[in-house]
Amino acid sequence: SLTQAPELPATTLAEGCNSFMFSGCTRLTEIHVSFDDWGSGIGTYDWVADVAPTGTFYCPKALPLEYGVDRIPEGWTVKFIDDTVAAETNYLTFTAEEDGSTFGIVNNGGNNPDVQYSLDGGETWTALAAGDTITLAHKGDKALLRGDNPNGFSKRYDKYSSFTMTGKIAASGSVMSLIDGTGETLVVPADYCFYSLFEGCTNLTQAPELPATTLADYCYDEMFSGCTSLTQAPELPATTLAYGCYDGMFSGCTSLTKAPELPATTLAGYCYNVMFSGCTNLSEIRVAFVEWKDSSDQEDNTNCWVKNVAPTGTFYCPKALPLEYGLDRIPEGWTVKYIEEGTGVNDAVVSEIAVWTEGNTIYVRGAESDVEVYDMLGRLIVSKRGGQENIQISVPQKGIYVVKVGTETHKVEL
């Protein structure tokens, strides 16, 4: 009845070690090995006799592809574990959107982080040193980037590294691959970690992923400052902010029309300082905080954050946020809509359905239709039958949810 073999992590075989090991396992359809040499062949003598007629054999690329009862079962598919590992990584990736686009790196103030690039999909890696110019000859060519910088990529505002670019380049994948080599970590390890990383890269057309949920002081300070064909900001999932974490992050991004959603419910000192200053086409901002001050009663958290944005736009916020205007608050001339209803202020007064939150509970009033609650990945969390005057729905954790009542949808933040 065995369908999956245990992983075999040994890289070298001994005489007779695996002989007859899975012989007669007629339902076995998966084997993972780490050795890259069959040796004398005695180590795997008759080891897969009479296993299932089809299955998957995972092995290193270096292992010779030999078949039979002493080798890889006949009729099985081979997958290389090297490729499996690569598929699980999320490397920072630069893709040329124009022939002959180039990139390089500049080290400022003696900062020399570990940076490597690959032009062949991760087969080979080369160190990227300050002053090197890497050319992506054809539109669509890609460069993967990684690094081993567990103590941070940059050290401070006068000891940092930044990319340079020509042509047109779209960034994708996780910027965290510059920290852990794979892009898996969600923790920014040091203050100023990505300070000015793409500052002045006017040729950057798309920002990479910034998946970290644990931030550090000034970690994204001026990261995309002056990135003028940047039209879409990356998601910013962190709900707990750090001092100055987004300071000047998108200042001067004149092609940006929509700010990333800002899900934090509480601010930190200077967290949004001059964040969108000079984004002359920015016309939409969504926030989840309910106070302009932080716990230290500091008012400079949003200092000049919307200076010189578009003259008209829409500002989405909780009802509890004081409606204050100016370059430190809600942009003058913008319309305010409340995220509780997902409708305009005037519409909300007329609407028969009201949705609000308290703690980890979503409240719905006036729902004649059934109520469904989805998370931001579109997964149904809970459903309740309508027709009740007030409906209470508990959710497993704080975050952003979509409440569907009939044909209406309401986005809420807990």
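What you are looking at is a predicted structure, and each value in this text was computed from that prediction instead of being measured. (Residues numbered from 1 in each chain as written. Predicted model: local features only at pLDDT ≥ 70, side-chain atom pairs only at ≥ 80, totals over all residues. Heavy atoms only, no water.)

Colleague: Quick question: what am I supposed to make of the confidence of the model for the protein chain here?
Modeller: Should the pLDDT be low somewhere, the predicted coordinates at that spot are not to be read in detail. Summarising the model, the protein chain shows a mean pLDDT of 89, and 94% of its residues fall at 70 or more. Taking the mean pLDDT of every element in the protein chain, the minimum, 34, falls on helix H3 (residues 345–350) and the maximum, 97, on strand S8 (residues 134–136). Across residues 342–351, where pLDDT falls below 50, the model places eight contacts with residues more than four positions away in sequence or in other chains. (pLDDT = per-residue confidence, 0-100. Helix = DSSP H or I, 4+ residues; strand = E, 2+ residues; numbered from the N terminus. Contact = heavy atoms within 4.5 Å.)

Colleague: Sorry if this is basic, but what is going on with unusual backbone geometry here?
Modeller: Not every positive phi belongs to a glycine, and Tyr-192 is a case in point at roughly 60 degrees. Mapped onto the elements, Tyr-192 comes out in the loop between helix H2 (177–180) and strand S12 (204–206). The class for Tyr-192 is buried, based on a relative accessible area of 16%. Its identity is not glycine, yet Tyr-218 carries a phi of approximately 55 degrees, on the positive side. Position of Tyr-218 among the secondary structure elements: in the loop between S12 and strand S13 (284–286). (Buried < 20%, exposed > 50% of the residue type's maximum accessible area, 1.4 Å probe, protein only.)

Colleague: How do you make sense of the sheet that holds strand S10 (residues 160–166) when you look at a structure like this?
Modeller: Within a sheet, each strand pairs with its neighbour through backbone hydrogen bonds, oriented either parallel or antiparallel. The strand order across the open sheet formed by three strands is S8-S5-S10, and the pairing between neighbours is antiparallel. Here the strands that pair on one side only, and so sit at the sheet edges, are S8 and S10. The average undirected angle you get between the axes of adjacent strands in this sheet is 25 degrees. Pairing of strand S5 (residues 101–108) with S10 involves seven bridges; the strand directions are antiparallel. Considered in S10, the bridge of Val-106 is made with Ser-162. (Pairing = 2+ DSSP bridges. Axes fitted to C-alpha atoms, helices over the stretch in contact; angles between N-to-C directions.)

Colleague: Would you explain the packing of aromatic side chains in this entry?
Modeller: Each pair of aromatic rings is reported with the distance of its centres and the angle of its planes. Evaluated as defined, the whole model comprises 33 aromatic pairs. Here the aromatic rings of Trp-292 and Trp-305 are separated by 6.4 Å at their centres, their planes lie at 80 degrees, and the arrangement is edge-to-face. Here Trp-292, found in the loop between S13 and strand S14 (314–317), pairs with Trp-305, found in the loop between S13 and S14; they are 13 residues apart in sequence, far enough to count as distant. Lying over the aromatic face of Trp-125, Arg-146 brings its terminal NZ or CZ to 4.0 Å of the ring centre. (Phe/Tyr/Trp six-rings, centres within 6.5 Å; stacked < 30°, edge-to-face > 60°. Lys NZ or Arg CZ within 6 Å of the ring centre and 35° of its normal.)

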